[in-house]
Amino acid sequence: MQEVDEYIRRLKYAKEAGTDTLIITDRLEPLQSITFLQQLAFILNKFNMEPCGGFHKTEVQTSGVGLTPDMASFLRHSLGVNMISLSLASLDSNMNRHLVHIPDRLYRSIEETCAIIRNAGLDLRISLNMSVYMLDSFNSSCKTLFQKVKDLGACQLTVRKLYCTGNSPQSQWVRRYADAESGRLCDFFEELTCYIRREGML
């Protein structure tokens with residue numbers, strides 16, 4: 001009970017400081033932390049009864065692994081989620097599956113996952129982790145990228161540069177395949193800046 005009160009105290013502080021968005025994320029995959037999500041639903045229900053309770057927007061950041069129609073409904077109705085930020089390593093479903101290491105039993109195509117999100121009445125943001133594999137999935141063309149994102153039903157797009165420190169296997173991978181300061185990725189980000197200034201909104 002003391003832990004719940006502490007969560008609510010911190011949520012109240014954030015709300016009173018002018019925060020209007022609650023983001024649910026994790027070091028790994030938040031949708032795999034079912035117990036935590038159930039506890040969070042209980043905490044948020046209590047918080048919503050406070051005079052200052054409730055956030056205008058609640059977002060989940062996820063790779064989509066484990067997202068089923070039932071889970072999407074739970075997120076919307078029990079947690080008050082209204083936005084899913086779907087993080088992708090490639091817009092090609094098979095390559096994304098390979099890069100994210102999605103097990104067979106949990107695999108859904110990107111198109112299926114996006115349909116689950118939209119059918120639950122949730123807004124969709126596509127968040128791209130940029131690498132040469134991501135570039136290959138839309139032929140390095142900004143026009144193709146924006147059309148693919150629109151076809152998936154997204155209302156927002158995030159394009160992420162990947163950074164690294166040290167010499168871990170992950171850092172070595174980023175240096176080899178996702179160096180945003182040189183080569184194809186550097187060229188793409190320059191083109192993307194010009195495209196957005198020229199074409200405007202998604």
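Since this is a predicted model, take the numbers as computed values, not measurements. (Residues numbered from 1 in each chain as written. Predicted model: local features only at pLDDT ≥ 70, side-chain atom pairs only at ≥ 80, totals over all residues. Heavy atoms only, no water.)

(A) Expanded view of the overall build of the chain. For the chain, the helix and strand inventory stands at nine helices and five strands. Helices and strands appear in the chain in the N-to-C order α-β-α-β-α-β-α-α-β-α-α-β-α-α. Expressed as lengths along the three principal axes of its C-alpha atoms, the size of the chain is roughly 55 × 40 × 40 Å. Taking all 202 residues of the chain together, the buried fraction comes to 39%. Accessible surface computed for the chain: about 11,700 Å², of which carbon and sulfur atoms make up 49%. When the 23 positive and 23 negative side-chain charges of the chain are each reduced to one mean point, those points stand 1 Å apart. (Helix = DSSP H or I, 4+ residues; strand = E, 2+ residues; numbered from the N terminus. Buried < 20%, exposed > 50% of the residue type's maximum accessible area, 1.4 Å probe, protein only. Areas by Shrake-Rupley, 256 points an atom, 1.4 Å probe, with all protein chains shown as cover. Lys, Arg positive; Asp, Glu negative; His and termini not counted. Charge placed at Lys NZ, Arg CZ, Asp CG, Glu CD.)

(B) How the structure looks around helix α7 (residues 142–151). What α7 keeps buried is the set Cys142, Leu145, Phe146 and Val149. Along the axis of α7, the buried positions cluster into a sector of 90 degrees, meaning they face one direction only. Across α7 from its buried face, at more than 90 degrees, point the exposed residues Lys143 and Asp151. Trailing α7 by a residue or two, Gly153 shows a phi angle of about 90 degrees, which is positive. (Arc of directions from axis to C-beta.)

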